[in-house]
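Understanding the architecture of this molecule
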Amino acid sequence: MAEPGTRDAVEDIPITDLAALREALLGLRTHEVVALLGRTDSRRRAVLFRLLPKDRALAVFEDLDPGLASEVLGALRDERVGQLIEDLDPDDRVLLFDELPANVAKKLLLGLSPEEHELTATLLGYPIGSIGRRMTPEYIKVLATMSASEALDHVRSAGQSAETIYYVPVAGSTRIVMGAVELRDLLMADPDARVADLMHEPLLISVNEPEEDAARKVVDADLIATAVVDSENRLVGLLTFDDAAAILAAAEAEDAARTGGAEPLRQPYLSARLFAVVRSRVVWLFVLVGASTLTVAVQDSFSATLEQSLALALFIPMLIGAGGNIGSQAATTITRSLAMGEVRPRDILRVLFRELRVGLMLGGTLGLIGFVPAMLLVGVDIALVLLLTVASIGTLAAAVGGAIPLGARALRVDPAIVSAPFISTFVDATGLVIYFLIAKAVLGI
């Protein structure tokens, strides 16, 4: 029996007992309700969301994954949908619209008030994937000529409509950013101190900059927020730390899924429809199955070599597995290093040289570990073939695994998309060629 007042306890309440469900939901925190909705089926999720008070429903809805939020909308009446969309922050609204069918998003956009329609349409006008679609256009700015007291009065009067008041850009009537000041500095300063003396040089982000790159700058600099500007340094919005962290978390989840040979679900696993789970994996399976035909072709071309030494066939799965694992490790490491800004495409030669050495050491270590058991099982000659092959494949796999993400980034392709299938294809086919060539040279067949 689940402890009362917990998420598990709510799951145990029958869907027909609405009073008990409403009371139990009121005892949960927002993040607990979000997690609960991600674990339930669509019918129960719709009932639970409708039982939430208006303000609580908005807070929960803002924290839902976009894919799950779009499903929740489908279970609500039109009038409540309109109010829910109206109350969202513009950047959250755009993120949701990107998940909805175009005709549905257009209908919801037209239903907004003139002010919210203008803010949302402005964000939608920026390229997909740019930080312009993820910034908040609801900000306050102060003038450099203001005193600290005047600036605080302005924050009090205009701050209600801003997403954050803790970071305040300093800009004039032309919106060209001159600096920035934190709320703490204004509060602690002498009331007559000028904003010009309190402001500091801001980190400026271009509105067309890729969202992940912009988010990384904010998180690395540990900023509350930063100004987003156009090509003429005119203020167009702010990127807050929490939005930057959310962008990076989504990017890392996407990379993790693609590195594992699948597409991200974009919503909690248990709430995703069965077809969506299948669709997220099947494309990569087709790619990998197609790639495996190269392995079959290589084995067929060396069939005469296999016939002369059938013992060679015993170790093919081990060699392919070792090479694939070493290559995947290298690709995962470099893909993450790219995301963290630790390496860049221009570092490809340094990475290649390092991974060649790492691969040789890993392959040589694995080969030495397997040498004695292989010698006892099939003899010294084939054990030597295995040692040389594992060392060679390990070296090649690590080098390729390290170079592919950098090459993909240079070509403006997501490294996580190409790494897994390419490494699998390359290492499987090339590893077998290396194996049989070494076998022919050592065994003289």
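The structure we're discussing is the one just above.
These lines cover the structure that appears in this document, whether it is placed above or below. (Residues numbered from 1 in each chain as written. Predicted model: local features only at pLDDT ≥ 70, side-chain atom pairs only at ≥ 80, totals over all residues. Heavy atoms only, no water.)

**Digging into helix 2 (residues 18-26)**
- The set of residues buried in helix 2 consists of Leu21, Ala24 and Leu25. Buried residues of helix 2, seen end-on, are gathered within an arc of 100° and therefore sit on one face of the element. Counted as exposed and oriented over 90 degrees from the buried face of helix 2: Ala19, Glu23 and Leu26. (Buried < 20%, exposed > 50% of the residue type's maximum accessible area, 1.4 Å probe, protein only. Helix = DSSP H or I, 4+ residues; strand = E, 2+ residues; numbered from the N terminus. Arc of directions from axis to C-beta.)

**Regarding the packing of helix 18 (residues 316-339) against helix 19 (residues 348-378)**
- Across the interface, helix 18 lies against helix 19 with an axial gap of 11 Å and an inter-helix angle of 145°. Handedness of the helix 18/helix 19 crossing: right-handed. Across the interface between the two elements, Ala322, Ile326, Gln329, Ala330 and Ile334 from helix 18 touch Val351, Glu355, Leu362, Gly363 and Leu366 from helix 19.
- Here the contact of helix 18 with helix 19 is composed, by residue class, of 7 nonpolar, 2 polar and 1 charged. (Axes fitted to C-alpha atoms, helices over the stretch in contact; angles between N-to-C directions. Left-handed = near helix turned anticlockwise from the far one by under 90°. Contact = heavy atoms within 4.5 Å. Nonpolar A, V, L, I, M, F, W, Y, C, P; charged D, E, K, R; others polar.)

**Brief notes about the nonpolar core**
- In this structure, Phe49, Phe61, Leu64, Leu73 and Ile85 are the most contacted members of the largest nonpolar core, which totals 37 residues.
- The next biggest cluster of nonpolar side chains, apart from the first, holds 25 residues, and it includes Leu319, Leu386, Ala397 and Phe436. (Core = buried A, V, L, I, M, F, W, Y, C linked by side-chain atoms within 4.5 Å.)

**Brief notes about the sheet that holds strand 5 (residues 235-240)**
- Reading across from one edge, 3-4-5 is the order of the 3 strands in this open sheet, with mixed pairing throughout. Edge strands, defined here as strands with exactly one partner in the open sheet, are strand 3 (204-206) and strand 5. Ignoring which end each strand starts from, the neighbouring axes of this sheet average 40° apart.
- Pairing between strand 4 (residues 225-229) and strand 5: 5 bridges, direction antiparallel. Across the sheet, Ala225 pairs through a bridge with Thr240, a residue of strand 5. (Pairing = 2+ DSSP bridges.)

**Details of the pairing of strand 1 (residues 167-171)**
- A large share of strand 1 lies buried, amounting to 5 of its 5 residues.
- Of the two faces of strand 1, the one lined by Tyr167, Pro169 and Ala171 and the one lined by Val168 and Val170 are each fully buried.
- Bridge count for strand 1 against strand 2 (residues 177-182) is 5 bridges, and the pairing is antiparallel. Residue pairing in the sheet places Val168 in a bridge with Val181 of strand 2.
- In sequence, strand 1 turns back onto strand 2 through a hairpin of 5 residues, with Arg175 there showing a positive phi of about 70°.

**Here we look at unusual backbone geometry**
- Even without a glycine there, the phi angle at Arg175 is positive, about 70°.
- Position of Arg175 among the secondary structure elements: in the loop between strand 1 and strand 2.
- Among the residues examined, Arg175 registers a relative accessible area of 31% and is labelled partly exposed.
- Here Asn233, not a glycine, exhibits a phi torsion of approximately 65°, which is positive.
- Here Asn233 is to be found in the loop between strand 4 and strand 5.

**Digging into the environment of Phe426**
- Secondary-structure assignment places Phe426 in helix 21 (residues 415-443).
- The sequence separation of Phe426 and Gly324 amounts to 102 residues, and the corresponding C-alpha distance is 9.0 Å.
- Those residues in contact with Phe426 that sit more than four places away from it in its chain are Leu396, Val400 and Gly431.

**Things to note about the side chain of Thr395**
- Locating Thr395 in the fold gives a position in helix 20 (residues 380-410).
- Reaching out from Thr395, the side chain makes a polar contact with the backbone oxygen of Ala391 at a distance of 2.8 Å.
- Leaving out residues up to four positions away in the same chain, Thr395 has contacts with Glu355, Leu356, Gly359 and Leu360. (Polar contact = N/O pair within 3.5 Å; in protein donor to acceptor, adjacent residues only side chain to side chain.)

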